[in-house]
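# Architecture and fold: a report
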Amino acid sequence: MKKIILTSLLLASSFCVNAQDTDQSSKWGYSVAGKFGSARLESTGAVDTKMDLSGTDFSVQYDHSKSVSFKVGFGMYNAETNLTYNGAYALFEQRMLQIPVGIIWRPSFGEKKSEWVDFSLGLDIYGKTITKSKFSTVDDSQTVRNFDWNVGTAVSMYLDFHVLKSLDVSAGIESFSDLSKNKKEDVKQKIVSSNLLSFK
């Protein structure tokens, strides 16, 4: 039931806006994106773990020119996987908060630019913390909260469809990986790689 609710919320957030102020002179805009995919987690004293990953992020964007924009925002992610621990079924869950700062580039192909679709590339640098890490079995559960912050990088590719003058709908792929580890006492973890489908 929990997975159904999370999936429904994620799909709802996928039908979201990538909007600009109705004043055409404005260079500011915002976007809300829904994302889902998988990630590989590296952790102290354990083999790498593949996890289902989903999230939603919000960003504010400034258009420096027609081809270059800058953005800042925050993202909330949920990762989980099923494990076997001492012969018993276990669930491993994590909640993460990510603060990215990035640049978006819209390359032009040829002299004539499409009026209804753009191709964009993104590069982000982010800070990330694990707000909650929970390991649960039938008989017990262990929770660790508020890991130290780490840093990482993310890349993205999008097709941006211009539905209205003040509304775009975008679909693309993203990947992020941590450059350093989240730490809490003797536990050290980081996302080695991730692959996400994103809609905004």
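In this text, all values refer to a predicted model and were calculated from it rather than measured experimentally. (Residues numbered from 1 in each chain as written. Predicted model: local features only at pLDDT ≥ 70, side-chain atom pairs only at ≥ 80, totals over all residues. Heavy atoms only, no water.)

We now examine the pairing of strand 9 (residues 167-178). By the alternation rule, side chains of strand 9 split into Asp-168, Ser-170, Gly-172, Glu-174, Phe-176 and Asp-178, which are all buried, and Leu-167, Val-169, Ala-171, Ile-173, Ser-175 and Ser-177, of which none is buried. The sheet contact formed by strand 8 (residues 150-164) and strand 9 spans twelve bridges and is antiparallel. In the sheet register, Met-157 faces strand 9, and the bridge partner there is Ile-173. In sequence, strand 8 turns back onto strand 9 through a hairpin of two residues. Where strand 9 meets strand 11 (residues 187-199), four bridges bridge the pair, whose relative direction is antiparallel. When the bridges of strand 11 are listed, Gly-172 appears paired with Ser-198. (Buried < 20%, exposed > 50% of the residue type's maximum accessible area, 1.4 Å probe, protein only. Helix = DSSP H or I, 4+ residues; strand = E, 2+ residues; numbered from the N terminus. Pairing = 2+ DSSP bridges.)

Before going further, it helps to examine the pattern of salt bridges. All chains considered together, the criterion is met by eight salt bridges. Its salt-bridge partner being Asp-57, residue Lys-35 comes within 2.4 Å of it at the nearest N-O pair. Note that Lys-35 is positioned in strand 2 (residues 28-43) and Asp-57 in strand 3 (residues 49-63), a separation of 22 residues in sequence. For Lys-35, a relative accessible area of 3% puts it in the buried group. Classification of Asp-57 as buried rests on a relative accessible area of 13%. (Salt bridge = Lys/Arg side-chain N within 4 Å of Asp/Glu carboxyl O.)

Below, the discussion takes up the layout of surface pockets. The computed volume of the second largest pocket comes to approximately 650 Å³. Taken together, 25 residues make up the lining of the second largest pocket; nearest its centre are Ser-43, Phe-92, Phe-135, Gln-142 and Gln-189. Breaking the lining of the second largest pocket down by element, the ones donating at least two residues are strand 2, strand 4 (68-85), strand 6 (117-137), strand 7 (141-145) and strand 11. Residues of the lining of the second largest pocket, tallied by class, amount to ten nonpolar, ten polar and five charged. (1 Å grid on protein atoms, 1.4 Å probe; cavity = no way out; pocket = protein on both sides within 12 Å on 5 of 7 lines; lining within 4 Å. Points joined across faces, edges and corners; volume = space filled by probe spheres on them. Nonpolar A, V, L, I, M, F, W, Y, C, P; charged D, E, K, R; others polar.)

Using the criterion set out here, one finds one cavity of 30 Å³ or more in the structure. There is about 160 Å³ of room inside the largest cavity. Lining the largest cavity are 19 residues, with Lys-35, Asp-57, Lys-71, Asp-124 and Glu-174 sitting closest to its centre. Among the elements of the structure, strand 2, strand 3, strand 4, strand 5 (88-105), strand 8 and strand 9 are those that each provide at least two residues to the lining of the largest cavity. If you tally residues by element for the lining of the largest cavity, the top one is strand 4, at five residues. Of the residues assigned to the lining of the largest cavity, the class counts are eight nonpolar, five polar and six charged.

One pass over the structure, following the stated rule, counts seven aromatic pairs. Judged by centre distance (6.3 Å) and plane angle (20°), the ring pair of Phe-36 and Phe-199 falls under stacked. Highlighted residues: Phe-36 in strand 2 and Phe-199 in strand 11, separated in sequence by 163 residues. Phe-199 sits in the partly exposed class, given a relative accessible area of 31%. With a centroid separation of 6.2 Å and 40° between ring planes, the pair formed by Phe-58 and Phe-74 is classed as tilted. Highlighted residues: Phe-58 in strand 3 and Phe-74 in strand 4, separated in sequence by 16 residues. You can call Phe-58 partly exposed: its relative accessible area is 30%. Counting every residue linked through ring pairs, the aromatic cluster contains Tyr-30, Phe-58 and Phe-74. Taking the ring centre of Tyr-158 as reference, the NZ or CZ of Lys-200 above it sits at 4.3 Å. (Phe/Tyr/Trp six-rings, centres within 6.5 Å; stacked < 30°, edge-to-face > 60°. Lys NZ or Arg CZ within 6 Å of the ring centre and 35° of its normal.)

Attention now moves to the side chain of Asn-182. Here Asn-182 lies in strand 10 (residues 182-184). For Asn-182, a relative accessible area of 0% corresponds to the buried category. In terms of polar contacts, Asn-182 uses its side chain to reach the side chain of Lys-128, at 2.8 Å. Within the structure, the side chain of Asn-182 is placed 2.9 Å from the backbone oxygen of Asp-148, a separation counted as a polar contact. Look past the residues within four positions of Asn-182 in its chain and what remains in contact with it is Lys-128, Thr-129, Ile-130, Phe-147, Asp-148, Trp-149, Asn-150, Val-187, Lys-188 and Gln-189. (Polar contact = N/O pair within 3.5 Å; in protein donor to acceptor, adjacent residues only side chain to side chain. Contact = heavy atoms within 4.5 Å.)

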